[in-house]
Amino acid sequence: MQTTAGSKRPPPMTMGNFQPGYMATLGAGVCLFISGGMSFAQSLGFFHVPLSPAISVHTFYCWFLAVAIGALLSMLLGYVLPKKFIMAASAIMTLITGIVRVSAPMGYDALIAARYLSGIAVGLATVQYLMYASELSRNTRRGFSLGLEQFGISVGLALQIIMISQWSLSSSFSQNSLQGIFDIILAVISMGCLWYFIESPVDYLRLGDESTALLCLSKLQDTPSITMQTNQRLEELKDYVREENNLSTVEIVKRSMVPLLKMIIFRSIMLSLSYSAITSNALTYTMLVVNVSWSPILAGCLRIFGSGVSLGIVDILGRKLPATAWALAIGGLITPIAVILNTSYNIFIYHEMSKIVALWVTLHVADGLFSPVTSVYLGEAFPLHSKGLGIGFCVIVEQIIHIIFMATHPDDSAALMASGIIILVAAVVFLIIMPETKKTSLREAQDGFRKFFNFKMF
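Residues numbered from 1 in each chain as written. Predicted model: local features only at pLDDT ≥ 70, side-chain atom pairs only at ≥ 80, totals over all residues. Heavy atoms only, no water.

Here is the UniProt Subcellular location (unreviewed entry) comment for the protein chain, exactly as written: "Membrane". (UniProt positions renumbered as here; feature names shortened; annotations may be inferred.)

K.L.:
What is the right way to read the overall build of the protein chain from this model?
P.N.:
Looking only at helices and strands, the protein chain features 17 helices and 0 strands. Whereas a compact globule of 458 residues would reach a radius of gyration of roughly 23 Å, the protein chain reaches 22 Å, a difference of no more than 12%. Projected onto the principal axes, the alpha-carbon positions of the protein chain cover approximately 70 × 50 × 40 Å. Taking all 458 residues of the protein chain together, the buried fraction comes to 58%. (Helix = DSSP H or I, 4+ residues; strand = E, 2+ residues; numbered from the N terminus. Rg over C-alpha atoms; globule rule 2.2 N^0.38 Å. Buried < 20%, exposed > 50% of the residue type's maximum accessible area, 1.4 Å probe, protein only.)

K.L.:
Help me understand the nonpolar core in this model?
P.N.:
A general feature of soluble globular proteins is that nonpolar side chains tend to end up buried together. In this structure, L44, M263 and F266 are the most contacted members of the largest nonpolar core, which totals 118 residues. In terms of residue count, the dominant contributor to this core is helix α14 (residues 350-380) (14 residues). When residues no more than four places from it in sequence are discounted, the contact partners of M263 are S268, T374, Y377, L378, A381, F382, C394, M434 and F449. Ranked by size, the runner-up nonpolar core spans 6 residues in total, among them A66, I86, I120 and A121. (Core = buried A, V, L, I, M, F, W, Y, C linked by side-chain atoms within 4.5 Å. Contact = heavy atoms within 4.5 Å.)

K.L.:
Would you mind going over the packing of helix α10 (residues 249-274) against α14 with me for this structure?
P.N.:
Across the interface, α10 lies against α14 with an axial gap of 10 Å and an inter-helix angle of 155°. On the basis of the axis angle, α10 is roughly antiparallel to α14. Here α10 runs over α14; the crossing is left-handed. Listed contacts from α14 to M263, F266, R267, M270, L271 and S274 of α10 are L363, D367, F370, S371, V373, T374, S375, Y377 and L378. Residue composition of the contact of α10 with α14, by class: 9 nonpolar, 4 polar and 2 charged. (Axes fitted to C-alpha atoms, helices over the stretch in contact; angles between N-to-C directions. Parallel < 35°, antiparallel > 145°, perpendicular 65-115°, else oblique. Left-handed = near helix turned anticlockwise from the far one by under 90°. Nonpolar A, V, L, I, M, F, W, Y, C, P; charged D, E, K, R; others polar.)

K.L.:
Where do I start with the packing of α10 against helix α17 (residues 442-450) in this structure?
P.N.:
Where α10 meets α17, the axes come as close as 8 Å, and the angle between the chain directions of the two elements is 80°. It follows from the interaxial angle that α10 and α17 lie roughly perpendicular. Contact with α10, carried on its side by R255, V258, P259, K262 and M263, involves G448, F449 and R450 of α17 and no other residues of that element. For the contact of α10 with α17, a count of residues per class yields 4 nonpolar, 1 polar and 3 charged.

Below you can see the structure in the form of structure tokens.
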């Protein structure tokens, strides 16, 4: 591949140029997130266990608590352990999760233990994956690579919703056993992918090891060799690392504050409100009068479709305008659900409940489109030396919001109305404060995040 003289950037790299090791590295994380998405759906109420006095609100929020714990551990361990080891630990915990579920599919204590293990595994993997994908990916494919995190969550969530909706309670084979089998398979695939794991060249540059960083970059090419393009990419990363290393602690904190505020709003608040336990409860009301056995299947398939479309266009149409449109759609769908549920006798009216089913299914499309972009922005927002802390903090805040919803038992219609309004307002604010980072370098993207206002739309 040739470059023009004086070009500041290497030519765009297409998927055909990616070395299989690169895709295997990303695949290791995607497998863990699919498993995590299934546990996420469980925590929203999509699971079967025998009724037990031991079942409490803790049953539902323990996974979110575990994700927060895992993210905190990942923030700390990221300073002393290579990313490969942390991802491997996450895969091992997912494997143990599957074994526990298969061994005791109907046990309450086993269910809780499995959720804690799964949550910690997801928290560990999320922080490291987003750091890794942002540093390793080409500017022209960074959106796709980062968006795979929420794509995996969406696939797992959809699988669990579909399975639970079609599972017969009279079956002698527990759905928890099947989920455990999925966990085991996904963990084994993830471990296999980690065999080809390529460490981030940025980590080696931070240690001053340019030769190893260059070798890592060469392995990302279709033909593992050092070319002019490889050296250009190395120089780009060296400039990035050099600039970040010259920053004082005070400067790093200053550069992190505005991106942190933006990502708490965009990732932590908007994503958690876009699909929460209260949103999933809306479907349970419809069961009183409407046969909704088909709607979870359609919703799950459309969610996967939406996430796939988002991955396909995030590096073509950009992040800002599509994400704004999808956020407005989410707020616009949640609000009428809240209005219908605000009148209590509506839950006995077939026509009104049919509207909720249609809105709930459509919400999955919008949520599937929106969620991958939150991963893209989260991976791009923070300076090098605060990236792990910033990503981890946003993930923790996201889980805390889920826990608050579950622990406080707010009125469903009021909470939904508040969620819809907050998302609509945040989407408008998002349009003027978030940068468009399509095909920019990490340095350019982070420059945009540090500006409080960003009026550029394309």
